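As a plain string of letters, each chain reads:
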Amino acid sequence: RSRSVSAALTGSLGASSAPVPGSPPASLKADTIRHPSIGPVDLTEGTTESGDPVPTVIDNAFAQGLISSALVGVSFEPTTEISVTNGELTFGGIDDSKYTGDIAYVPVTSTSPATFYVGIDQSITYGAAGTTVLAATAGITDTGTTLLLIASDALATYQNLTGAVADGNTGLLKLTQAQFDSLESLFFHIGDTTYEFTPNAQIWPRAVRPPYFPCSF
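Residues numbered from 1 in each chain as written. Predicted model: local features only at pLDDT ≥ 70, side-chain atom pairs only at ≥ 80, totals over all residues. Heavy atoms only, no water.

### So, the sheet that holds strand E13 (residues 186–190)
The strand order E10-E9-E13-E14 describes an open sheet built from four strands, whose pairing is antiparallel. Edge strands, defined here as strands with exactly one partner in the open sheet, are strand E10 (131–140) and strand E14 (193–197). Between one strand and the next, the sheet's axes are offset by a mean angle of 25°, whatever the strand orientation. Note: strand E9 (residues 119–126) against E13, five bridges, orientation antiparallel. Residue pairing in the sheet places Ile124 in a bridge with Phe188 of E13. (Pairing = 2+ DSSP bridges. Helix = DSSP H or I, 4+ residues; strand = E, 2+ residues; numbered from the N terminus. Axes fitted to C-alpha atoms, helices over the stretch in contact; angles between N-to-C directions.)

Pasting the structure below:
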């Protein structure tokens, strides 16, 4: 949840504009939506310093009829080149060209503090045996977080299962080639759907890995 001072600001949203909560002014574009002082501009939740709710970018755009639904579609794709930026935000809908199959929906968790964000309930298992890494609990979805973050006890379990150790240069986990060869998938159980995180998804992309990186997460 973004906390900022209340100010009458306007950002561009395509060819139109909508008030933006926060200060100083921020520029809104479909491919880059960031605030110069507080990080990502908050699209779905908003408060002031006092904790009072304020209309978000999406609230204002929907109220003005700039978008047909109070919805933001977010798409990320793996890349093989640092120069390739293929993330996409869709305001007021979902880009059908960015997915296959059906989109699954789950309610926001009722567990605090995740309920104050885009929070969900989920559990994590490892491998074909379905070993529990993280029992059912609440967490948040956050497009501003580059890496996958899990609870400390779940991370310790994951390290024990995979043999991964901390790398002093990167702060990430590292595996030997032999350990990677036997690495199994992680499975995220969210609502009625299970999402597979393959071994390749668990390591830093090879094509954009700096020379000093080990086989790391």
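### A closer look at a nonpolar patch on the surface
A cluster of nonpolar residues, Leu71, Ile94, Tyr99, Ile103 and Tyr105, forms a patch on the protein surface that exposes about 440 Å² of accessible area. Relative to the elements of secondary structure, Tyr99 occurs in the loop between strand E8 (88–91) and E9. (Patch = residues over 30% accessible without salt bridge, like charges linked within 9 Å, V, L, I, M, F, W, Y side chains within 5 Å. Areas by Shrake-Rupley, 256 points an atom, 1.4 Å probe, with all protein chains shown as cover. Salt bridge = Lys/Arg side-chain N within 4 Å of Asp/Glu carboxyl O.)

### Brief notes about the pattern of salt bridges
Using the criterion set out here, one finds two salt bridges in the structure. We note a salt bridge from Asp167 to Lys174, for which the minimum N-O separation is 3.7 Å. Judged by relative accessible area, which is 30%, Lys174 ranks as partly exposed. (Buried < 20%, exposed > 50% of the residue type's maximum accessible area, 1.4 Å probe, protein only.)

### A short note on the side chain of Thr109
Its place among the elements puts Thr109 in the loop between E8 and E9. Residue classification places Thr109 among the buried positions, given a relative accessible area of 2%. Reaching out from Thr109, the side chain makes a polar contact with the backbone nitrogen of Thr111 at a distance of 3.1 Å. (Polar contact = N/O pair within 3.5 Å; in protein donor to acceptor, adjacent residues only side chain to side chain.)

### Structural notes on the nonpolar core
Ranked by size, the top nonpolar core spans 14 residues in total, and within it Ile124, Tyr126, Val133, Tyr158, Leu183 and Leu186 carry the most contacts. Every element with two or more residues in this core is listed here: E9, E10, helix H2 (152–162) and E13. Apart from residues no more than four positions distant in its own chain, Ile124 is found in contact with Thr131, Thr132, Val133, Leu134, Ile150, Leu186, Phe187, Phe188 and His189. (Core = buried A, V, L, I, M, F, W, Y, C linked by side-chain atoms within 4.5 Å. Contact = heavy atoms within 4.5 Å.)

### Here's the deal with the environment of Ser123
Tracing the chain through its elements places Ser123 in strand E9. Considering only alpha carbons, one finds Ser123 and Val133, ten residues apart in sequence, at a separation of 7.8 Å. Residues in contact with Ser123, not counting those within four places in the same chain, are Leu134, Ala135, Ala136, Phe187, Phe188 and His189.

### Describing the packing of aromatic side chains
Applying the stated criterion to the full structure yields two aromatic pairs. Between the aromatic rings of Tyr126 and Tyr158, the centroid separation amounts to 6.3 Å while the plane-to-plane angle is 85°, which identifies the pairing as edge-to-face. Within this pair, whereas Tyr126 is found in strand E9, its partner Tyr158 is found in helix H2, the two being separated by 32 residues in sequence. A relative accessible area of 6% means that Tyr126 is categorised as buried. Ring centres of Phe188 and Phe197 lie 5.7 Å apart, and the angle between their planes is 85°; this geometry places the pair in the edge-to-face category. Since its relative accessible area comes to 27%, Phe197 is described here as partly exposed. (Phe/Tyr/Trp six-rings, centres within 6.5 Å; stacked < 30°, edge-to-face > 60°.)

### Quick word on unusual backbone geometry
Cis geometry marks the peptide bond from Ser112 to Pro113, where omega comes out at 5°. Within the secondary structure, Pro113 is located in the loop between E8 and E9.

### Some details on H2
All of the buried residues in H2 are Ala154, Tyr158 and Thr162. All buried residues of H2 project into a common sector of 60° when viewed along the axis, lining one side. The outward face of H2, more than 90 degrees from its buried face, is lined by the exposed residues Ser152, Asp153 and Asn160. Close packing links the buried residues of H2 with E9, E10, strand E12 (173–174), helix H3 (177–181), E13 and helix H4 (199–202). (Arc of directions from axis to C-beta.)

### Quick notes on the confidence of the model for the chain
When the pLDDT values of the chain are averaged, the result is 77; 72% of them are 70 or greater. Taken element by element, the chain is modelled with least confidence in strand E1 (residues 2–4), mean pLDDT 37, and with most confidence in E13, mean pLDDT 97. Low pLDDT, under 50, characterises residues 1–9; the stretch is placed with 33 contacts to residues that sit more than four places away or in other chains. Note that pLDDT drops below 50 for residues 21–40; the model gives that stretch 52 contacts with residues more than four away or on any other chain. (pLDDT = per-residue confidence, 0-100.)

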